[in-house]
Amino acid sequence: MSNNALPKILIVIIAVILSTMLSRKADPEKKRREDLAALARRLKLQFNSSNDFKLAEKFSFLSWLRRGDGRYAYNVFHGYHLECLVTVFDYHFFTTGGKSGLDYYWSAFVVEMKTNFPDLMISHESLESRLAEKLGVSHIAFESAEFSHAFRVRCSDKKFAYDVCHPKMMEYLLANQDLTIEISRTGLAVLFEDWLRPKRVEANLLRLIEIRKLLPDYLFPKN
């Protein structure tokens, strides 16, 4: 090989390296998906990055997952974690209106339970919650003024709401005020108005299970 050929080879190698680096930067979604898949392997959970239109239907008893049109899940984790059956996923839907409508990207952490609980939502005050109150859907008041100020609790069964929002649960939620929680039938879900962040998935999964463990034992049927 001549000395003149060496610079050309080095230029080609550098060009390939730069091209690889630029392609990774140009496709952050691919990198996120790869990081999520690696996390699923470490947590020993199944992982499927494909769009799943059936999963949104499976969990459609959760009102948060009945919104809009074009509903589908993707980047789905599923399996047992700390003895709980969990499903974690990115979630997309769109709403019509205006010139082109809007796309929304959420993420959900769901633990499945052998129960048939009434509908309960623990969320924050928002334009939507204020509109619901104007329409007559009132939230439940609690003795803790701090908790009642931070969260809006709506439930078809007031006693169940008080059973769930006991002092330790309220203390936990006040320390984790970024959470939106829904309970219905066999599911307990923690929801975020953001797609899955690989560095936060495991911590949020642990928070989901901590909330599940804070539910009183007497709420569950005895085997």
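Here, every reference points to the structure presented above.
Figured I'd write up the structure that's included with this text.

## Here's the deal with the layout of surface pockets
When its volume is computed, the second largest pocket comes out at roughly 410 Å³. Lining the second largest pocket are 15 residues, and of these Glu-112, Met-113, Lys-114, Arg-212 and Phe-220 sit closest to its centre. Contributing elements (two or more residues each) for the lining of the second largest pocket: β3 (84–95) and β4 (102–123). Ranked by residue count, the leading element in the lining of the second largest pocket is β4, at 5 residues. Classifying every residue of the lining of the second largest pocket gives 7 nonpolar, 2 polar and 6 charged.

## What to know about the packing of helix α7 (residues 167–174) against helix α8 (residues 198–214)
Where α7 meets α8, the closest approach of the two axes is 10 Å, and the angle between their N-to-C directions is 160°. Relative to α8, the element α7 is oriented roughly antiparallel. Helix-helix and strand crossings are classified by hand; for α7 and α8 the assignment is left-handed. Between α7 and α8, the contacting residues are Lys-168, Met-169 and Tyr-172 on the first element and Arg-207, Glu-210, Ile-211 and Leu-214 on the second.

## Comments concerning the packing of helix α2 (residues 28–43) against α8
Direction vectors running N to C along α2 and α8 enclose 35°, while the axes themselves pass 9 Å from each other. As α2 runs across α8, the sense of the crossing is right-handed. Counting all contacts with α2, which are made through Arg-32, Asp-35, Leu-36, Leu-39, Arg-42 and Leu-43, the residues of α8 involved are Pro-198, Val-201, Glu-202 and Leu-205. Broken down by class, the residue content of the contact of α2 with α8 amounts to 6 nonpolar, no polar and 4 charged.

## Here's the deal with α2
Counted at 1.5 Å a residue, the expected span for α2 with its 16 residues is 22 Å, and the 22 Å between its end C-alpha atoms agrees. Taken together, the buried positions of α2 are Arg-32, Leu-36, Ala-37, Leu-39, Ala-40 and Leu-43. Take α2 and look down its axis: the buried residues cluster within an arc of 160°, on one side only. Turned more than 90 degrees from where α2 packs its buried face, Arg-41 and Arg-42 sit exposed. Against β1 (46–48), β2 (69–81), β3 and α8 lie the buried residues of α2. Among the residues trailing α2, Lys-44 stands out with phi positive, at a value near 60°.

## Remarks on the packing of aromatic side chains
The tally for this structure, following the rule as stated, stands at 15 aromatic pairs. Consider the rings of Phe-89 and Tyr-91, whose centres lie 6.5 Å apart with planes at 75°: the pair is edge-to-face. On the basis of relative accessibility, which here comes to 1%, the residue Tyr-91 falls in the buried class. A network of ring pairs unites the aromatic residues Phe-59, Phe-61, Phe-89, Tyr-91, Phe-93 and Tyr-104 as a single cluster.

Parameters and conventions
- Residues numbered from 1 in each chain as written.
- Predicted model: local features only at pLDDT ≥ 70, side-chain atom pairs only at ≥ 80, totals over all residues.
- Heavy atoms only, no water.
- 1 Å grid on protein atoms, 1.4 Å probe; cavity = no way out; pocket = protein on both sides within 12 Å on 5 of 7 lines; lining within 4 Å.
- Points joined across faces, edges and corners; volume = space filled by probe spheres on them.
- Helix = DSSP H or I, 4+ residues; strand = E, 2+ residues; numbered from the N terminus.
- Nonpolar A, V, L, I, M, F, W, Y, C, P; charged D, E, K, R; others polar.
- Axes fitted to C-alpha atoms, helices over the stretch in contact; angles between N-to-C directions.
- Parallel < 35°, antiparallel > 145°, perpendicular 65-115°, else oblique.
- Left-handed = near helix turned anticlockwise from the far one by under 90°.
- Contact = heavy atoms within 4.5 Å.
- Expected span 1.5 Å × (residues − 1).
- Buried < 20%, exposed > 50% of the residue type's maximum accessible area, 1.4 Å probe, protein only.
- Arc of directions from axis to C-beta.
- Phe/Tyr/Trp six-rings, centres within 6.5 Å; stacked < 30°, edge-to-face > 60°.

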